[in-house]
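Chain residues, written in single-letter form:
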Amino acid sequence: MAVRLAALLPRAVVVVLIWVLGTAAFTFAADTTMIGPSTPTGPAVPAPAPDLMVPSVTGQAYVFAKGILEDAGFAWRVAGPVRGYAGNRVLAQSPAAGTRVTNTGAPTIVLHLVRGPYGEHGRPADESSYLGTRVRLANLAVAPVQRPARRAATKPALKPKAKPAPKRKRKPTTRPARKPAKQHTRKAVAKRPPAFRPASAPREPLDEISLPARALRLEAWAAARPQRTSANVQHWLYQHAWIVTGAKFGWWHGDRGLVTLIGVDRRIEGLWGIGHRSEAVARAALAHVRRESR
C-alpha cells in the first residue's frame, strides 16, 4: 500500500502545478482585457445659447420697462431729448417687440421716452448698470446666389438670303388725331403747421394721426365705459402722455386735443375714481400751449 501511494504522489503534484499555472494565465488575460487603455475622446462642444425674444415695453413706465428687459436678458439705453427718469414712459423701442435676436450676452434695446404725468425726480439712469452687447438678428443666413454658367458663344449658321418680296402699294388712310394724354396731378400731401417751435423739439410724425384725432378716439373709447383693468389703465395713460407731450412740442392743433383730453379725464374720474392728477397735468399743458401760441 505504501509503495502504491509513493507511485501516485508525483502525478498528483504535476496535476496541481498544471492547474495553478492555468488559473494564473486566465487571470492575467482577464486583467489585460479589462484594464486596457481607453480611447481618447475629443473636446466637448458647448451647446449654442437659445435665441432671445424682444419683450414689449412700449407704453410702460420706465422703471417697469427696465425690470422687464433685465428679466428677459437684455440691456438698454435711452435715446432722444427725454432722459431716463423713473416716472417717464416708453414711447418707442428698437428693435420692435417680438423680434428674435441672437443671445450675444445682453443685447442692447434702444428706448425713446416721453415725460410722464408725475414729474421728473431723482437722477436719470439712461442705460443699464451692466455692459450691453450688440443686437444681432437671428436667422439671417443668406444662401449664396448661384450665377448661371456662361455658355460658349457659338457662331450663328449662315442662312441664304431670301429675295425681297415686291412691295404692295397701299392706299393712304386718314387716321384720327390723337387726344392729348391727361396729365396726372399729384395730390398735395396735407401738412400740419406747428403752433410754435420750442427748442430741440422733434417734428410731428405725419405717419401718425393728429392730436385732435387721437383725443377723439380716446373719447369714444372712454364713452364705452371700459372696466378698470391694468391694460385699460395703461392704454389711457399712454394716449394721455402722447397728447400732452405732443402739444408741448407745438404740434398741430395741440390745444384742441388737450380740450378733448380734459373731458376724457373727467369721465375716467367718474368711472374709475382716478385721473385728478392727469387732468391737472392736461390743464397746465393747455395753458402753456395757449401762452406759447400767441
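Residues numbered from 1 in each chain as written. Predicted model: local features only at pLDDT ≥ 70, side-chain atom pairs only at ≥ 80, totals over all residues. Heavy atoms only, no water.

Peer 1: When you look at the layout of surface pockets in this model, what are you seeing that I'm missing?
Peer 2: With a probe scaled to a water molecule rolled over the atoms, the places where space remains empty come into view. Size it by volume and the largest pocket reaches roughly 290 Å³. Here the second largest pocket is characterised by a volume of approximately 220 Å³. Partitioning the lining of the second largest pocket into residue classes produces eleven nonpolar, four polar and one charged. (1 Å grid on protein atoms, 1.4 Å probe; cavity = no way out; pocket = protein on both sides within 12 Å on 5 of 7 lines; lining within 4 Å. Points joined across faces, edges and corners; volume = space filled by probe spheres on them. Nonpolar A, V, L, I, M, F, W, Y, C, P; charged D, E, K, R; others polar.)

Peer 1: Any chance you could explain the environment of Lys-66 here in plain terms?
Peer 2: Position of Lys-66 relative to the elements: it lies in helix α2 (residues 62-71). For the pair formed by Lys-66 and Arg-77, sequence separation is eleven residues and the distance between their alpha carbons is 9.7 Å. In contact with Lys-66, not counting residues within four places along its chain, are Trp-76 and Ala-125. (Helix = DSSP H or I, 4+ residues; strand = E, 2+ residues; numbered from the N terminus. Contact = heavy atoms within 4.5 Å.)

Peer 1: Sorry, what's going on with the sheet that holds strand β5 (residues 108-114) here?
Peer 2: Within a beta sheet, neighbouring strands are joined by backbone hydrogen bonds and run either parallel or antiparallel to one another. Reading across from one edge, β2-β5-β3 is the order of the three strands in this open sheet, with mixed pairing throughout. Taken across any chain shown, the strands that pair with only one partner, and hence form the sheet edges, are β2 (75-78) and β3 (89-94). Along the sheet, successive strands turn relative to each other by an average axial angle of 35°, direction set aside. Where β3 meets β5, five bridges bridge the pair, whose relative direction is antiparallel. Looking at the pairing, Arg-89 lines up with Val-114 of β5. In this fold α2 packs onto β2, β3 and β5, with an angle of close to 150° to the strand it touches most, β2. Strands β3 and β5 of the sheet are contacted by helix α4 (residues 230-248), whose axis makes an angle of about 90° with β3. (Pairing = 2+ DSSP bridges. Axes fitted to C-alpha atoms, helices over the stretch in contact; angles between N-to-C directions.)

Peer 1: How do you make sense of the nonpolar core when you look at a structure like this?
Peer 2: Proteins that are soluble and globular tend to have nonpolar side chains buried together. Counting 26 residues, the largest nonpolar core has Trp-236, Val-244, Leu-258, Leu-261, Val-264 and Ile-268 as its most contacted members. Only α3 (211-223), α4, α5 (254-272) and α6 (276-292) provide two or more residues apiece to this core. Of all hydrophobic cores here, the second largest spans 15 residues; its members include Val-54, Ala-65, Val-78 and Ile-109. (Core = buried A, V, L, I, M, F, W, Y, C linked by side-chain atoms within 4.5 Å. Buried < 20%, exposed > 50% of the residue type's maximum accessible area, 1.4 Å probe, protein only.)

Peer 1: How do you make sense of unusual backbone geometry when you look at a structure like this?
Peer 2: Note: most peptide bonds trans; most residues except glycine with negative phi. Along the chain, Ser-94 connects to Pro-95 via a cis peptide bond; the corresponding omega equals 0°. Unlike most non-glycine residues, Arg-225 shows phi in positive territory, near 55°. Mapping Arg-225 onto the fold places it in the loop between α3 and α4. Look at Arg-225 and you get exposed, because its relative accessible area is 60%.

Peer 1: Looking at this structure, how should I read the pairing of β5?
Peer 2: A regular strand carries its side chains on alternate faces of the sheet. Buried residues dominate β5, accounting for six of its seven residues. Of the pairings in the sheet, the one linking β2 to β5 comprises four bridges and is parallel in character. Opposite Ala-75, over in β5, you have Thr-108 as the bridge partner.

Peer 1: Would you take a moment to explain the packing of α4 against α5 for this structure?
Peer 2: Working note: a packed helix pair is described by the angle between its axes plus the distance between those axes. Their axes nearest at 10 Å, the elements α4 and α5 cross at an angle of 155°. It follows from the interaxial angle that α4 and α5 lie roughly antiparallel. The two elements α4 and α5 cross, and the hand of that crossing is left-handed. In this structure, α4 contributes Asn-232, Val-233, Trp-236, His-240, Ile-243, Val-244 and Ala-247 to the contact, and α5 contributes Gly-254, Gly-257, Leu-258, Leu-261, Val-264, Asp-265, Ile-268 and Trp-272. Of the residues assigned to the contact of α4 with α5, the class counts are ten nonpolar, four polar and one charged. (Parallel < 35°, antiparallel > 145°, perpendicular 65-115°, else oblique. Left-handed = near helix turned anticlockwise from the far one by under 90°.)

Peer 1: What exactly am I supposed to notice about the confidence of the model for the chain here?
Peer 2: Low-pLDDT portions of the prediction should not be read for the details of their coordinates. A residue-level look at the chain finds 68% of positions with pLDDT of 70 or above and a mean pLDDT of 79. pLDDT under 50 marks residues 141-145. Its contacts with residues more than four places away, or in other chains, come to zero contacts. Considering only residues more than four positions removed or in separate chains, one finds that residues 181-189, a stretch of pLDDT under 50, has zero contacts. (pLDDT = per-residue confidence, 0-100.)

Peer 1: What exactly am I supposed to notice about the pattern of salt bridges here?
Peer 2: A side chain of one charge can pair with a side chain of the opposite charge if their charged atoms are brought near each other. The tally for this structure, following the rule as stated, stands at six salt bridges. With its nearest N and O atoms 2.6 Å apart, the salt bridge here joins Arg-83 to Asp-126. One end of the pair, Arg-83, is in the loop between β2 and β3; the other, Asp-126, is in the loop between β5 and α3, with 43 residues separating them in the sequence. Owing to a relative accessible area of 23%, Asp-126 belongs among the partly exposed residues under this scheme. Here Arg-283 ties to Glu-279 by a salt bridge, and the two come within 3.2 Å at their closest N and O atoms. Within this pair, Arg-283 and its partner Glu-279 are both found in helix α6, separated by four residues, close to a single helical turn. With a relative accessible area of 12%, Glu-279 lands in the buried category. One network of salt bridges, with partners in common, ties together Arg-266, Glu-279 and Arg-283. (Salt bridge = Lys/Arg side-chain N within 4 Å of Asp/Glu carboxyl O.)

Peer 1: Can you help me understand the environment of Gln-60 in this one?
Peer 2: Here Gln-60 shows up in the loop between β1 (52-53) and α2. Distance from Gln-60 to Val-90, taken between C-alpha atoms, is 5.7 Å for residues 30 residues apart in sequence. When near neighbours in sequence (up to four residues on either side) are disregarded, Gln-60 contacts Ala-65, Ile-68, Asn-88, Arg-89, Val-90 and Gln-234.

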